[in-house]
Amino acid sequence: MKYLTRLFSTDIGIDLGTANCLVYVRDLDRVVLNEPSVVVRQVNTHEVRYVGARAKEMLGKTPANLEAIRPMKDGVIANFEVTEAMLREFIQKSLRQVPWYRRLLPPRVVVAVPSGITEVEIRAVKDSSKRAGAGQVRLVEEPMAAAIGVGLPVTEPCGSMIVDIGGGTTEVAIISQGGIGYSDSIRVGGDELDEAVMQYMRKNYNLLVGVLSAERIKIAIGSAYPVRDEVKMEIRGLDMNGHVPKTVTITGAEVREALQEQVRTIAEKIHAAFEHCKPDLAADLVDRGIMLAGGGALLVGLDKLLTEETGLPVFPADEPLNAVVKGTGMMLNDEDLWEFNEN
Ligand code: ADP
Ligand code: MG
């Protein structure tokens, strides 16, 4: 029976992130979709016009009759209706890549969600997934999926710490004995860093820059530790006084200064986790260090800064943006992990 089900269906794993949504398909054994969690819809009718990459390009540039929405922005589902529309689009787009006979039965779906979401949100994600074509739906907390995805030994008794820095949130979790021993999240992530760049430009150069430009600056020359201070970049924006377009050049050192406060907040959150940690678990962490996942793990020098702040070894995951979706895929491929996470 299980064999037949497997023949006529596939399983998919979804990382429903605040910035990016990724989908893994077991039958193809790869990530088939990786798109920003953005939806553009008609203002008056709420008709969905664009989803994903195309929608993100329109952030800050939509004409009056359209609005660009990031339904998961702060790590919670800010807009159920839009989240469901997005999920449906992504699930169906992914399933179209699977041979027809694998679509005869509905797919088993694992969705990774932020660990702070409420019962109501859990219900909503499950229902939305089912309406979008899913059969059995299982939710997994994002830090657990990330830990599995980067290969931490989650079912063993030793403790591991994972820090997942996404767009809207940073989640800090200590995993041991196959469960999440401690987890907490703050609404500081990549978006806040972009916001910090925007504020810095406003304050120091009277320059208004868009959110996508701010993100580009952060990625191109931003850092958490003095390692790329000499690099420079030209930035275009709107002069606040004359309200005319203006170009200024800023250095890596300036961007680092702009990001400093938010980076410190993340470091403090990690410190707070140690206070909740039993001595034996703390000993494990000294041995094993801290694993960084999520797009924020790519911020240059963050590992160095956190090593200095905590005194522990800090490792960025190999492919931090894929950690969560990889974890969902591993759960689908491993009956033990699937059963183990029953909910
Ligand atoms: P989420 O899980 O919330 O969807 P992701 O893990 O996909 O978030 O990470 C998205 C965040 O990572 C964005 O804020 C993006 O700007 C940031 N990011 C991506 N690449 C880099 C980079 N090279 N340096 C710094 N930040 C990055
Ligand atoms: Mg994430």
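Now for a quick tour of the structure.

A few points about a nonpolar patch on the surface
And step 1. A cluster of nonpolar side chains, Trp 100, Tyr 101, Leu 104 and Leu 105, forms an exposed patch at the surface whose accessible area comes to about 430 Å².
And step 2. With a relative accessible area of 35%, Leu 105 lands in the partly exposed category.

What to know about the site of ligand 1
And step 1. With respect to spatial proximity, 17 residues lie near ligand 1, and among them Thr 18, Ala 19, Asn 20, Glu 215 and Lys 218 are the closest.
And step 2. Within the backbone of Gly 167, an N or O atom sits 2.8 Å from an oxygen atom of ligand 1.
And step 3. Interatomic distance of 2.7 Å between a side-chain N/O atom of Lys 218 and an oxygen atom of ligand 1.
And step 4. Within the complex, 90% of the 580 Å² of free accessible area of ligand 1 lies under protein.
And step 5. The set of elements that each furnish at least two residues to the shell around ligand 1 consists of helix H6 (190-205) and helix H7 (211-221).

Brief notes about the environment of Leu 28
And step 1. Of note, Leu 28 is situated in the loop between strand S2 (20-25) and strand S3 (30-36).
And step 2. Note: C-alpha distance between Leu 28 and Thr 10 (18 residues apart in sequence) is 8.9 Å.

Here we look at the sheet that holds strand S4 (residues 39-42)
In any sheet, the strands associate via hydrogen bonds between backbone groups, in a parallel or an antiparallel arrangement.
And step 1. On the basis of which strands lie adjacent, the open sheet formed by three strands has the order S5-S4-S6 and antiparallel pairing. Each having just a single partner strand, strand S5 (48-51) and strand S6 (66-69) make up the two edges of the open sheet. On average, adjacent strands in this sheet sit at an angle of 20 degrees to one another, irrespective of strand direction.
And step 2. Pairing geometry for S4 and S5, over three bridges, is antiparallel. From the neighbouring strand, Val 39 faces S5, where its bridge partner is Val 51.

Description of the pairing of strand S14 (residues 245-251)
And step 1. Sheet topology places strand S13 (residues 232-239) next to S14; seven bridges connect them, and they run antiparallel. What sits directly across from Ile 235, in S14, is Val 248.
And step 2. The turn linking S13 back onto S14 is made up of five residues, and His 243 within it adopts a positive phi angle of 50 degrees.

Concerning the side chain of Thr 328
And step 1. With respect to the element layout, Thr 328 can be found in helix H11 (residues 323-333).
And step 2. Under the relative-accessibility criterion, Thr 328 is labelled buried at 0%.
And step 3. What Thr 328 contacts, discounting residues up to four positions off in sequence, is Gly 13, Ile 14, Val 110, Ala 112, Val 140 and Ala 145.

Some points on helix H5 (residues 142-149)
And step 1. Among the eight residues that make up H5, eight are buried, leaving the element largely enclosed by the rest of the structure.
And step 2. Every buried residue of H5 is listed here: Glu 142, Pro 143, Met 144, Ala 145, Ala 146, Ala 147, Ile 148 and Gly 149.
And step 3. Remark: Gly 151 follows H5 within two positions and exhibits a positive phi of approximately 85 degrees.

About the thresholds
- Residues numbered from 1 in each chain as written.
- Chains lettered and ligands numbered in written order.
- Predicted model: local features only at pLDDT ≥ 70, side-chain atom pairs only at ≥ 80, totals over all residues.
- Heavy atoms only, no water.
- Patch = residues over 30% accessible without salt bridge, like charges linked within 9 Å, V, L, I, M, F, W, Y side chains within 5 Å.
- Areas by Shrake-Rupley, 256 points an atom, 1.4 Å probe, with all protein chains shown as cover.
- Salt bridge = Lys/Arg side-chain N within 4 Å of Asp/Glu carboxyl O.
- Buried < 20%, exposed > 50% of the residue type's maximum accessible area, 1.4 Å probe, protein only.
- Near = heavy atom within 4 Å.
- Polar contact = N/O pair within 3.5 Å; in protein donor to acceptor, adjacent residues only side chain to side chain.
- Helix = DSSP H or I, 4+ residues; strand = E, 2+ residues; numbered from the N terminus.
- Pairing = 2+ DSSP bridges.
- Axes fitted to C-alpha atoms, helices over the stretch in contact; angles between N-to-C directions.
- Contact = heavy atoms within 4.5 Å.

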